[in-house]
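Structure assessment
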Amino acid sequence: MTGFTDLQDVLVHAPFRNDARMLTSLLHSREMRAAACSGEEEFASLLAGTLPGALVVTQEALTDRVVGLIRDHLATQPEWSELSVIVLVEKGASQANLPRVLAEAWPGSRQIFYERPLATIELVSGIQSALLARLRQRDVRDHIVLERELRHELNHRVKNILASVNSIFQMTARGSRNLDELKQSFGGRLRTLGDVHAALFETGGDLLDLEELVSLVLAPYTADGGTSFRASGPPVALGKDATSALGLVIHELATNAIKYGAWSVPAGRIDVTWEVADGAFRLCWSESGGPAVSAPARTGYGTRYVRAALQGLFGEEPQVTFARAGLEMNVGGPLERIQPNPADRSASEPVGTVS
Amino acid sequence: MKIFCLEDNALVVMHLEMIIEEAGHELVGSASSFAEAKSMWSDLDFDLALIDIDLSDGRTGVAAAEWLHARVRLAAFVTGQTDLASSCEHLVTAIVAKPIDEDVLRGVFSDARRRLAVMAS
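Here the structure is a predicted model, which is why all the values come from computation and not from measurement.

Next up on the list: the overall build of chain A. Helices and strands together make up the secondary structure of chain A, namely 10 helices and 12 strands. Judged by the C-alpha coordinates and their principal axes, chain A covers about 105 × 45 × 35 Å. In chain A, which comprises 355 residues, the share counted as buried stands at 42%. Across chain A, contacts joining residues at least 24 apart in sequence account for 71% of those joining residues at least 6 apart. When the accessible area of chain A is evaluated, it comes to approximately 18900 Å², of which 54% is carbon and sulfur surface. If you average the places of the 34 positive and of the 42 negative side-chain charges in chain A, the two averages end up 5 Å apart.

This is how it looks when you write it as structure tokens:
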């Protein structure tokens, strides 16, 4: 037998007379999938390896072995699964005990009895309702699988965030001269991480546009109207890893600008511009109106992070120029390295679009 | 010792670099994907690779460890995927869980140094 479909095919075990043929053609005529097995051996192997949509079995086929096979299947089926067993019984006194005997043999199972000769309409509607219940069970299964995946993904993300926070803390602690400085630097970095995370969550699909990200990180500093920035470039949808990394890079550059660069004076401004050409992305951070800047004597956390993060993102080190007009930083690489990867994309698509 | 980092989180790379330098070793290179690392490894001299399992080109850290193991080069996992790491612990000298415990990592450096001395003799 080939092409048995789990949770859809009705498995028929009716080895005597014309029963099997009669039952399968009846079900086929009502557009249900059905498969009859040739004997106990095939019944045993199908029951061990598949999850039938429903089981139809005649009373005289219920040998001790068959009762045992069904018991084993019912006992080992997944937790979400509840197979209906439809038993076709012979009219007469010998069947009076059967429901009780089978309830003991298959405890807690869903059993339906039909007396022969069969009323077709009853049998068909009984099997249809069993198959409908199976559809709901399949939904439950899909939800369980999805929830397991989400829990796994969540665990993974939490671990990643903790690893990042731990690294930020250890490095900030080493670079701080006192507790106040540690509190301020660490707090700022943690806040940016939180803002980026919240913005990603808000979009619902882990996708943020570069312009939104730049505004998200820089806007809090311009709330009092003194300092200003401009962000301009074509729309670029960022993947979630690129969003976090670029968000933190912009935060470090802004912090540096406040301490030493354009934003240390009221008239200073920052221009963040980017372009895309032939799949290549280039970003420029340019400060103006501030004091003349020079390369710092010591490489601090901010500079190191900006360099490491951009190197990791683009596979290329950023070019930093300490010009008289202000600091300028250029970096670029293949656009695809900051775009959402296929896993990000599928997570943002509505369920059910797969044909 | 010359150390290489295969890790896609730039923050963790920086943190590792800091611990490596403080312990008197040198970070000679880093990559965020196995594909990138492989292109660098053929002509890069290093004594120990620190490898995360989830990288920017997927769960390729195990393949990276296999690649180095086949060439008798030392590697240690530094990863949140500790279950997966444990299932292939024969490929590495140690498994360091994230978030990183710096003392544990320094222990991994000392151990690698001893192994290198034995391999050289």
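Turning to the packing of aromatic side chains, a few remarks are in order. Residue and element names in this part refer to chain B. Counting across every chain of the model gives 9 aromatic pairs over all chains. Centroid distance Phe4 to Trp41: 5.6 Å. Interplanar angle 75°. Geometry classified as edge-to-face. Taken together, the residues Phe4 in strand 1 (residues 2-6) and Trp41 in helix 2 (residues 34-41) connect sequence positions 37 residues apart. The class for Phe4 is buried, based on a relative accessible area of 0%.

Strand pairing in a sheet relies on backbone hydrogen bonds. The paired strands run either parallel or antiparallel. All names here are of chain A. One open sheet accounts for 5 strands, arranged 7-9-10-12-11; its pairing is mixed. Every interior strand has two partners, whereas the edge strands, strand 7 (228-232) and strand 11 (319-322), have only one. Taken pair by pair, the neighbouring strands of this sheet meet at an average axis angle of 10°, ignoring direction. Where strand 7 and strand 9 (residues 269-277) come together, 5 bridges link them in parallel fashion. Note on strand 9: the bridge partner recorded for Ser232 is Thr273. Its contacts with the sheet put helix 8 (residues 240-259) on strand 9, strand 10 (280-288) and strand 12 (327-334), and the angle it makes with strand 10 is roughly 15°.

Relative to the elements of secondary structure, A:Asp9 occurs in the segment before strand 1 (10-13). Aside from chain neighbours lying at most four places away, what touches A:Asp9 is A:Gly3, A:Phe4, A:Arg33, A:Ala34, A:Ala35, A:Pro52, A:Gly53 and A:Ala54.

With that out of the way, let us pick up the interface of chain A and chain B. Contacts between chain A and chain B engage 22 residues on the former and 21 residues on the latter. Both faces combined, the contact of chain A with chain B buries some 1800 Å², and carbon together with sulfur accounts for 56% of it. Counting the surface chain A buries against chain B, the share from its top three residues, A:Met171, A:Arg174 and A:Arg304, is 30%. Counting every contact that joins chain A to chain B gives 5 salt bridges.

On to the side chain of A:Ser167. In this structure, A:Ser167 sits in helix 5 (residues 120-175). With relative accessibility at 1%, the residue A:Ser167 sits in the buried group. What A:Ser167 contacts, discounting residues up to four positions off in sequence, is B:Leu11, B:Val12 and B:His15.

All names here are of chain A. Sheet architecture is open: 5 strands sit in the order 2-1-3-4-5, paired in parallel fashion. Edge strands, defined here as strands with exactly one partner in the open sheet, are strand 2 (34-36) and strand 5 (110-115). Pairwise comparison of adjacent strand axes, ignoring direction, gives a mean angle of 20° for this sheet. The pairing of strand 4 (residues 84-89) with strand 5 spans 6 bridges and is classified as parallel. When the sheet's bridge partners are listed, Ser84 is paired in strand 5 with Arg110. Across the sheet, helix 1 (residues 19-29) is in contact with strand 1, strand 2, strand 3 (54-58) and strand 4; its angle to strand 2 comes to roughly 170°.

Moving on to helix 2 of chain B. Residues and elements named next belong to chain B. Of all the positions in helix 2, only Phe34, Glu36, Ala37 and Trp41 are classed as buried. The arc that holds the buried residues of helix 2, viewed along the axis, is 155°, so those residues lie on one side. Buried residues along helix 2 sit against strand 1, strand 2 (26-31) and helix 3 (61-70).

Quick look at helix 3 (residues 64-76) of chain A now. Residues and elements named next belong to chain A. Here helix 3 spans 18 Å end to end across 13 residues, near enough to the 18 Å set by a 1.5 Å rise per residue. Looking only at helix 3, the buried set comprises Val66, Val67, Gly68, Leu69, Ile70, His73 and Leu74. Packing partners of the buried residues in helix 3 comprise strand 1, helix 2 (40-49), strand 3, strand 4 and helix 4 (98-105).

Rules behind the numbers
- Residues numbered from 1 in each chain as written.
- Chains lettered and ligands numbered in written order.
- Predicted model: local features only at pLDDT ≥ 70, side-chain atom pairs only at ≥ 80, totals over all residues.
- Heavy atoms only, no water.
- Helix = DSSP H or I, 4+ residues; strand = E, 2+ residues; numbered from the N terminus.
- Buried < 20%, exposed > 50% of the residue type's maximum accessible area, 1.4 Å probe, protein only.
- Contact = heavy atoms within 4.5 Å.
- Areas by Shrake-Rupley, 256 points an atom, 1.4 Å probe, with all protein chains shown as cover.
- Lys, Arg positive; Asp, Glu negative; His and termini not counted.
- Charge placed at Lys NZ, Arg CZ, Asp CG, Glu CD.
- Phe/Tyr/Trp six-rings, centres within 6.5 Å; stacked < 30°, edge-to-face > 60°.
- Pairing = 2+ DSSP bridges.
- Axes fitted to C-alpha atoms, helices over the stretch in contact; angles between N-to-C directions.
- Buried area = accessible area lost by both parts, 1.4 Å probe.
- Salt bridge = Lys/Arg side-chain N within 4 Å of Asp/Glu carboxyl O.
- Arc of directions from axis to C-beta.
- Expected span 1.5 Å × (residues − 1).

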